[in-house]
Amino acid sequence: MTANGWLQILVFFALVVAVTAPLGAYMFRVFEGRHQPLPRLLGPVERALYRLGGVDRTREQTWVEYTVALLVFSAAGVLVTYVLQRLQHVLPLNPQQLGAVEPTLAFNTAVSFGTNTNWQSYAGESTMSYLTQMAALAWHNFTSAAAGMGVALAVARGLTRRPGPDGAKTLGNFWVDLTRAIVYVLLPLSLVFALVLVSQGVLQNFAAYREVTTLEGAKQLLAMGPVASQEAIKELGTNGGGFFNANSAHPFENPTPFTNLIEMLLIFAIPAGLTFTYGRMARDQKQGWAIFAAMSALFFAGVAACYWAEAHGHNMEGKEQRFGIAASALFATVTTDASCGAVNAMHDSFTPLGGLVPLVNIALGEVIFGGVGAGLYGVLIFVVLTVFIAGLMVGRTPEYLGKKIEQREMKLAMLYILIFPLIILGLSAWASVVPYGVSSLNNGGPHGLSEILYAYTSGTGNNGSAFGGINANTRFWNTTLAVAMLFGRFFMMIPVLAIAGSMLNKKTVPPGPGTFPTNGVLFTALLLGVIVIVGALTFFPALSLGPVVEHFVAHGGKVY
Amino acid sequence: MKSSILVALRMTVVTLVLTGLVYPLVTTGLAQALFRERANGSLITDGKGHVVGSELIGQAFAAPYYFWSRPSSAGEKGYDATASSGSNLGTTSKKLRDRVAADSARLHKENPGAMGAVPNDLLAASGSGLDPHISPEAARWQIPRVARARGVAGERVALLVDAAVEPRELGILGDARVNVLLLNVALDRQFGAQR
């Protein structure tokens, strides 16, 4: 480890802290304000979307209506993405004349982008036409991110709204949240940062692949495409699906250390900002910062461990020279903290402990800043759980933001907590004992198990990064991973929205002397403990058989 | 429910047109107007004006009078710019260990005058398989071979290498590096093309 490496990490984090409050305040105005920002410029776009979409913006929805809208919209999106892939050979913007995408791969990819996972069983430059990339995949980067933000807002409203005398029934309108997220947040930022990326060398064209004669006289075919427009939203929406197979390690996606910094910042910007937005919704900014602090602590623990392991091993396999070890370890931590899944180095080639960090980050439930929206609603479940445990310790009815947490909420929270490992461990167990599972592995020994475990953890956690050696483009892997992604997204969203619905109608009681404050250091520490203990208890056995065993085996010099 | 489905379908079309078509087209228009050369692949030309590749995409070099790039797992032969990929081999992979040992032996044999062990990055495949850079140490390590193949003094080649070293951006970000293709173009310009 070098001082400069740490300086890069600190500079990055300082930038995250710097954007959290302004972006969070901006998003509060967008979603909760009476007047949205930039009314002359973006107001007409917002209203046009409502008109064309047939949305009544004044009508709020119950949690069930909100959920139904989200599910129907997601289903329609998956279907359209599937169809676009299957028909890409007859659609325009396909200069390389790439054929129709194979059915299970098209299904896997449609689910993958519809669930904000962006797991990629394919190599972009040899599989997807330009139209598929932008209209099927990048489109989903916007909508799935916006939908995630919508769920987070709905949950925040459920927790923070104070019901009137006849109670509150509604927690926002899905279509309004979706539209505002796209029009005021995702689209303008993506446009600006796409141009910044182009200025540094990221491609943005519709040309056919360009053949050049190299200095030694060989032919090299350079892949082209509208990359920057997809790159910006890929990071900003914590989607992570690369235009090219090598993702953000590819020089046309991430050409310089400066673009690398920008891309990492885009990944954390909205999830960090939403903690501030949440604080404002709770009318207590410290509620947001307490969550932010817990996330930051886990981020630093992860990056320190990963950087140490990679630097200690002088490990350049799978890393780009322009980024070096520090910026690669940092990117790996950021992208797995935040359910993004873009990579600027190959996690599969990390040292055993270096590769353990991204895996653990995802296994903790994608709550270290987490996905756009998904990070906030995920951590709020842990917050509810923490409050409940604290309440048990002192023998009082637990309450959060003045609302009592009761049996129904705890049942739903436990459902959320249990679904996640059930899918991951169940499918991993299946895949590791059947020939059609293990035949896809690129590495033997414990590292092979890590590849399986990583795949399902990434899919279920809706991260999308991989121990990329695994050949997931088989019928078994495409199908089971699609199931993991679907369950990991929607079977976790539904209990979350149900909690929001049941918290919404509860009366708020003013804090008394026995109220456990949820905005201080003690709470942050407890929250950290709950996140780590739940994650550790669930995944420790599996992780010990993978990366941990591999670490010791590697020390003994054994190879597979 | 029925109205919800109708709204969902209409919003599907509307958002697809806005974010999936209008946005990338507008971005392309602006990018082509503002940063044309960058948006189209940062292509570079040799002394005679022929396009010899992209500044950002690495190439395979095997001739002794050129500096060599890192090992590559992009495509069958490496540096296939339509098949970006790392090796994805882990620390305990026998394949990786064998590859490193074989490369190390070959590089030592082909660089008889080189000082010390082979620099780390020259033995490690990059994440993209298209890394255009090597470390300054990896460039310096190759100077004796390149100088001998070109019949010029090592110091003169070293001057070119020094000029080609790109420092950390803003003094902080990333690692110092040498762009192999640009360095080789500069070599040809200074000492004449070999072919």
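In this text the structure is predicted, and so the values were computed from the model without any measurement.

**Student:** Help me understand the pattern of salt bridges in this model?
**Tutor:** Two side chains of opposite charge can pair, provided their charged atoms sit close to one another. Applying the stated criterion across every chain yields a total of 22 salt bridges over all chains. A salt bridge links K506 of chain A to E406 of chain A, with the shortest nitrogen-to-oxygen separation between them at 2.7 Å. A residue pair is termed long-range when its members are at least 10 positions apart, and K506 of chain A in the loop between α17 (475-504) and α18 (521-555) and E406 of chain A in the loop between β4 (403-404) and α14 (407-433) qualify at 100 residues. Accessibility expressed as a relative area gives 12% for K506 of chain A, which makes it buried. Residue E166 of chain B pairs with R177 of chain B through a salt bridge whose shortest N-O separation is 3.6 Å. Residue E166 of chain B is located in strand β4 (residues 165-166), and its partner R177 of chain B is located in strand β5 (residues 177-179); the two are separated by 11 residues in the primary sequence. Through salt bridges that share partners, E231, K234, E235 and E253 of chain A make up one connected network.

**Student:** Just checking my understanding: could you explain the side chain of T67 of chain A for this structure?
**Tutor:** Secondary-structure assignment places T67 of chain A in helix α3 (residues 63-86). Beyond its immediate stretch of four places on either side in the chain, T67 of chain A contacts I494 and L497 of chain A.

**Student:** It is not clear to me how a nonpolar patch on the surface should be interpreted in this structure. Could you clarify?
**Tutor:** Residue and element names in this part refer to chain B. Nonpolar side chains collect at one region of the surface, where V13, V17, V22, V26, L30 and L34 lie side by side and expose about 470 Å² of accessible area between them. You can see V22 is positioned in helix α1 (residues 2-34). In this structure V22 comes out as partly exposed when scored by relative accessible area, which is 38%.

**Student:** What should I look at first to understand the environment of H108 of chain B in this one?
**Tutor:** Residue and element names in this part refer to chain B. For H108, the position within the fold is in helix α3 (residues 94-110). You can call H108 partly exposed: its relative accessible area is 36%. In this structure, the C-alpha to C-alpha distance between H108 and V185, residues 77 residues apart in sequence, is 25 Å. Discounting chain neighbours no more than four positions away, the residues touching H108 are G116, A117, V118 and W141.

Criteria and cut-off values
- Per chain, residue numbering runs from 1 following the sequence as it is written.
- Starting at A for chains and at 1 for ligands, labels are handed out in the order in which the entities are written.
- It should be noted that, the model being predicted, local features are given only for residues of pLDDT at least 70 and side-chain atom pairs only at 80 or more, the latter also being counted only at that level, while totals for whole chains, interfaces and linings use all residues.
- Side-chain measures were taken over the full set of non-hydrogen atoms in the model, leaving aside hydrogen atoms and water.
- The salt bridge definition used is simple: a Lys or Arg side-chain nitrogen within 4 Å of an Asp or Glu carboxyl oxygen.
- Helix and strand labels come from DSSP, where a helix needs a run of H or I of at least four residues and a strand needs a run of E of at least two; each type is numbered from the N terminus.
- When accessible area is computed with a 1.4 Å probe and restricted to protein chains, residues below 20% of their type maximum are described as buried, those above 50% as exposed, and intermediate ones as partly exposed.
- Contacts are assigned to residue pairs that have any heavy atoms within 4.5 Å of one another.
- A residue counts toward a patch only above 30% relative accessible area and without a salt bridge, and it is joined to like-charged neighbours within 9 Å or, for Val, Leu, Ile, Met, Phe, Trp and Tyr, to nonpolar neighbours within 5 Å.
- Under the convention used here, a 1.4 Å probe and the Shrake-Rupley method define accessible areas, while residue burial counts only the protein chains that appear.

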